[in-house]
Amino acid sequence: MAGIHPETELIPYLRGELSADERARVATHLEGCAQCRQSAEASSAILSSLARVVEGVRDPDWAEYRAGLKRKLRASETSSASVRERWRRMREDLRLPVFGGWPSMAIGAAAVAVLAIAIVMHRGSGNSSAPGVDQLELQQDLSSTDVGLLANYHVVEHLDLLENYDVIEHLDELGPGNPQNHETPS
Amino acid sequence: VEPSDEDLCRKIAARDGAAFELMVDRHQGRAYRLASSILGNEADARDVSQDAFIRLYESAGRFDGRSRFSTWFYRILVNLCIDHQRKNRWWKRLAPLASPGDNPDERAFDPPSTEAGPEDDAMLKQSISRLRPALAKLSPQQRAAVLLQTQEGFTSREIGEVLHCSEATARVHVHRGIAQLRKLIAKE
């Protein structure tokens with residue numbers, strides 16, 4: 001065996017694609033390498049069988065094939081014509097009387113307006129996502145009042161709001177979290 | 001004197017219908033057979049090869065003549081075949097390529113008769129019937145590379161032009177494709 005196996009050059013060698021130098025190098029290698037010789041023979045057999053596979057493909061009905069091709073071609077031409085027409089109309093529509101023959105200016109002005117609106121909206125949404133100082137204080141107040149209610153939640157959950165308004169009113173007089181200190185509705 | 005493919009292509013770019021007809025006459029058989037071998041399905045081969053001719057008609061003006069017309073045209077065809085296979089990959093997994101004879105509505109695969117005796121013919125048919133499903137297991141690039149070489153006689157450089165890769169990569173596609181076919185056939 002001589003040098004690296006020229007695996008990817010074996011088929012080009014068999015097909016006579018290689019330059020004289022490359023061909024000589026592969027030939028020398030093949031003389032001393034039984035593995036590559038065997039590989040080249042097997043590849044050659046596969047290549048000739050493959051040629052038969054392709055020959056074995058049966059032709060379609062060519063008249064039908066050509067009729068189908070003509071239909072597709074007509075459809076393609078119609079579609080291309082309609083696309084061209086749509087573009088022509090779009091170009092005409094863009095030539096508004098206010099902007100005269102300057103559709104690009106109209107598009108540019110519209111883009112600037114959209115951008116300005118987007119910036120304003122983005123700033124607005126940024127404020128709402130971060131609460132101000134007043135909002136935070138209000139939230140803290142609510143939280144501290146809610147703690148008493150939560151401590152006596154086991155009482156609250158048994159009350160009918162309309163019928164036990166007195167109990168609710170004096171809820172803060174109950175011991176925090178003591179189940180024996182509450183009145184249960186009858 | 002018959003006009004060359006390149007001349008016809010220039011006429012097609014100028015919307016010469018007769019030139020297009022002549023071009024289709026010349027290439028329809030080879031285009032259909034190549035598509036059929038790559039796709040393994042006659043109906044798909046018909047559609048895709050017709051689409052390739054439509055693309056040829058639409059983009060003939062873009063053929064710059066730097067490569068052979070056949071290389072340019074088969075690039076369109078092979079790309080369409082590969083795209084078609086990619087789009088239908090999920091479907092192919094559910095319904096693998098039908099073997100010849102599975103569908104009575106489709107024409108049965110029929111290798112051409114050879115001059116060899118009936119015994120050799122049977123062996124050849126057997127070998128081909130094993131190759132066909134093995135071909136379907138190659139990657140689209142490998143299959144296209146192998147078939148462009150065996151069917152169209154393309155060189156590695158031309159295969160590289162069709163597949164948008166270097167000559168060395170085209171050689172690797174062919175080598176790996178043939179090696180894979182050998183392995184698959186040996187397994188059976």
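Refer to the structure printed above.
Report on the accompanying structure.

Each value, and the rule that gives it
- Residues numbered from 1 in each chain as written.
- Chains lettered and ligands numbered in written order.
- Predicted model: local features only at pLDDT ≥ 70, side-chain atom pairs only at ≥ 80, totals over all residues.
- Heavy atoms only, no water.
- Helix = DSSP H or I, 4+ residues; strand = E, 2+ residues; numbered from the N terminus.
- Buried < 20%, exposed > 50% of the residue type's maximum accessible area, 1.4 Å probe, protein only.
- Expected span 1.5 Å × (residues − 1).
- Arc of directions from axis to C-beta.
- Contact = heavy atoms within 4.5 Å.
- Patch = residues over 30% accessible without salt bridge, like charges linked within 9 Å, V, L, I, M, F, W, Y side chains within 5 Å.
- Areas by Shrake-Rupley, 256 points an atom, 1.4 Å probe, with all protein chains shown as cover.
- Salt bridge = Lys/Arg side-chain N within 4 Å of Asp/Glu carboxyl O.
- Buried area = accessible area lost by both parts, 1.4 Å probe.
- Polar contact = N/O pair within 3.5 Å; in protein donor to acceptor, adjacent residues only side chain to side chain.
- Phe/Tyr/Trp six-rings, centres within 6.5 Å; stacked < 30°, edge-to-face > 60°.
- Lys NZ or Arg CZ within 6 Å of the ring centre and 35° of its normal.

## What to know about unusual backbone geometry
Residues and elements named next belong to chain B. Backbone geometry at arginine 15 places phi at a positive 60°, although glycine is not the residue there. Here arginine 15 is to be found in the loop between helix H1 (5-13) and helix H2 (17-39). Positive phi is not limited to glycine here, since histidine 164 has a value of about 55°. Among the residues examined, histidine 164 registers a relative accessible area of 56% and is labelled exposed.

## Side note on helix H2 (residues 20-32) of chain A
Residue and element names in this part refer to chain A. Taking 1.5 Å of rise per residue, 13 residues should cover 18 Å, and H2 covers 19 Å from first to last C-alpha, within 8% of that figure. The complete set of buried residues in H2 reads Val26, His29 and Leu30. Projected down its long axis, H2 shows its buried positions confined to an angular sector of 100°, all on one face. Of the residues in H2, the exposed ones pointing more than 90 degrees away from the buried face are Ala20, Asp21 and Glu31. Its buried side turned inward, H2 meets helix H1 (10-14) and helix H3 (34-55).

## Considerations on a nonpolar patch on the surface
All names here are of chain A. Taken together, the side chains of Val83, Trp87 and Met90 make up a nonpolar region of the molecular surface, amounting to roughly 310 Å² of accessible area. On the secondary structure map, methionine 90 appears in helix H4 (residues 62-94). Since its relative accessible area comes to 47%, methionine 90 is described here as partly exposed.

## So, the interface of chain B and chain A
Taken together, the contacts link 50 residues of chain B with 37 residues of chain A. When chain B packs against chain A, the two sides together hide about 4,000 Å² of surface, and 61% of this comes from carbon and sulfur. Of all residues in chain B, Gln50(B), Arg171(B) and Arg182(B) give up the largest surface area on contact with chain A, accounting jointly for 16% of the area buried on that side. One can count 5 salt bridges joining chain B with chain A. In this structure, the salt-bridge partner of Arg66(A) is Glu21(B), at a minimum N-O distance of 2.7 Å. In this structure, the connection of chain B to chain A is made through 17 residue pairs in polar contact (both at pLDDT 80 or more).

## Observations concerning the pattern of salt bridges
Overall, the coordinates contain 16 salt bridges over all chains when judged by the stated rule. A salt bridge links Asp47(B) to Lys72(A); the nearest nitrogen and oxygen atoms lie 3.6 Å apart. Here Lys72(A) lies in helix H4 and Asp47(B) lies in helix H3 (residues 42-59), a pairing that spans two chains. Residue classification places Asp47(B) among the partly exposed positions, given a relative accessible area of 36%. On the basis of relative accessibility, which here comes to 25%, the residue Lys72(A) falls in the partly exposed class. The shortest N-O distance in the salt bridge between Glu158(B) and Arg68(B) comes to 2.5 Å. Residue Glu158(B) is found in helix H8 (residues 156-162), and its partner Arg68(B) is found in the loop between H3 and helix H4 (69-87); the two are separated by 90 residues along the sequence. For Glu158(B), a relative accessible area of 9% corresponds to the buried category. Each of Arg66(A), Glu21(B) and Asp25(B) takes part in one network of salt bridges that share partners.

## Some thoughts on the packing of aromatic side chains
Counted according to the given criterion, the structure contains 11 aromatic pairs over all chains. Judged by centre distance (5.9 Å) and plane angle (80°), the rings of Phe63(B) and Phe69(B) are edge-to-face. Feature note: the residues Phe53(B), Phe63(B), Phe69(B), Trp72(B), Phe73(B), Tyr74(B) and Phe154(B) constitute an aromatic cluster, connected by ring pairs. Between Arg23(A) and the ring centre of Tyr13(A), over which it is positioned, the NZ or CZ distance is 4.6 Å. Above the face of the Tyr57(B) ring, Arg15(B) is positioned so that its terminal group lies 4.4 Å from the ring centre.

By themselves, these are just geometric observations and shouldn't be taken as functional.
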